[in-house]
Structure formats: structure tokens, C-alpha cells
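Chain by chain, the residues:
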Amino acid sequence: EALMNKLVDKFPDQREVRLLRARYFHRIARKPDKAYAELLALGEADRQSSEVVQLLASVLGDLGRLDEVTVLLDGAIDLNNVDQELVALLAEVRLEQNKLGDATELARRVLDENPSNALALYVRGRIAESQGQADLALADYRRAITADADCARALRRKWKLELQRG
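Draft legend 1. Representation of the packing of aromatic side chains in the model. Scanning the entire structure with this criterion turns up two aromatic pairs. Between Tyr24 and Phe25, the ring centres sit 5.6 Å apart and the planes meet at 55 degrees, which makes this aromatic pair tilted. Taken as a pair, Tyr24 and Phe25 share a single burial class, namely buried. Here Tyr122 and Tyr141 contribute two aromatic rings whose centre-to-centre distance is 6.1 Å and whose plane-to-plane angle is 35 degrees, an arrangement assigned as tilted. In this pair, Tyr122 is assigned in helix α9 (residues 118–130) and Tyr141 in helix α10 (residues 134–147), connecting sequence segments 19 residues apart. We classify Tyr122 as buried; its relative accessible area is 5%. Exposure remark for Tyr141: the relative accessible area of 0% places this residue in the buried category. Note that Arg65 overlies the ring of Tyr36, its terminal NZ or CZ placed 4.6 Å from the centroid. Here the basic side chain of Arg153 rests over the ring of Tyr122, its NZ or CZ set 5.6 Å away from the ring centre.

Draft legend 2. Representation of the pattern of salt bridges in the model. Within this structure, the stated rule accounts for 20 salt bridges. One salt bridge in this structure joins Arg15 and Asp46, with 3.6 Å as the shortest N-O distance. In this pair, Arg15 is assigned in helix α2 (residues 15–28) and Asp46 in helix α4 (residues 44–47), connecting sequence segments 31 residues apart.

Draft legend 3. Local environment of unusual backbone geometry. Positive phi values are uncommon outside glycine, yet Arg30 reaches one of about 55 degrees. With respect to the helices and strands, the residue Arg30 is situated in the loop between α2 and α3 (32–40). Exposure remark for Arg30: the relative accessible area of 61% places this residue in the exposed category. Backbone geometry places Asn98, a non-glycine residue, at a positive phi of 65 degrees. Considering the arrangement of structural elements, one finds Asn98 in the loop between α7 (84–96) and α8 (100–113).

Calculation rules
Residues numbered from 1 in each chain as written. Predicted model: local features only at pLDDT ≥ 70, side-chain atom pairs only at ≥ 80, totals over all residues. Heavy atoms only, no water. Phe/Tyr/Trp six-rings, centres within 6.5 Å; stacked < 30°, edge-to-face > 60°. Buried < 20%, exposed > 50% of the residue type's maximum accessible area, 1.4 Å probe, protein only. Helix = DSSP H or I, 4+ residues; strand = E, 2+ residues; numbered from the N terminus. Lys NZ or Arg CZ within 6 Å of the ring centre and 35° of its normal. Salt bridge = Lys/Arg side-chain N within 4 Å of Asp/Glu carboxyl O.

Structure below.
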């Protein structure tokens, strides 16, 4: 953390330095409140980028502020309708809010554009799983893992279903 502080002290106006420290607080130090403060320190234009919006949405989710995540993503998608990663992220938030119809529609929208979007496949798998369709869920989790071998969420759900089956 001391190294991150030195970098920001030396380069306070550098977007990438602030993003690095925000990622550090979020993913390594597990301090979402500090990551949030770091992201707010970015300029308004920087906060509009897809990369920052995704990180901010993840941080707000960790803080349990799903309604704010929804507003953030809805606004970002309105500004940048072509960013399918933001749409997939919103689908995941809608799933967490138990709004399965919205989540289904958003995941479908992403998969129509990119059938191998790992996050959208994961969301569709979770929806199928919640509806008792384990075979469909497993197929989507497998496709998500094929699309992104680091898709830990899909791996966990796949293993859980396979363990339940015996």
C-alpha cells in the first residue's frame, strides 16, 4: 500500500496510477471503501470510460449498493450502447436483484451480439439453474469456461452442479 501511495503522491493526475491503486484496494487489499474513494478522485471524463465503470460497478457491488450499480450501468449503457461487457454486467446485477426477466433479456442481447461472452453465458446458466434446468446451466457454464478459462464464477457453479449429481 505504501508503494501505491508513493505513486499517487508523485503522479496525482495520472489516470492509470489512480486506477492501479483502486484495483489494488479492490482486488488485493479487499478495501472497497478505499477503492471507491480512489475512483471518485478521477475526473468526470475518466469516470465515463468503460474500464472505470466496470471497476466502479464491482466496487459498489462489494459495498452492497446494487441499486447504485444499476443506475451507474444504465447510464453508462445509454452513453455507450455498444459496450456489451457493461450490458453483461448489468445482467448479472439484475440476476443478483432477482429480476430474472431483465437478466434474461440483457444476457440474450449480449449473446445475440457475441455468443461467446463468458459473463452473459454465466448469467444465462445461473438463470437456468434457478429454474431447475441443470443440463442447460451446465452447458452454459462449460461454454463460459471455454470462452474464458479464468471465469471463476462459472467454474464454481459447474463444480457445484457436478458434485450434486454425483
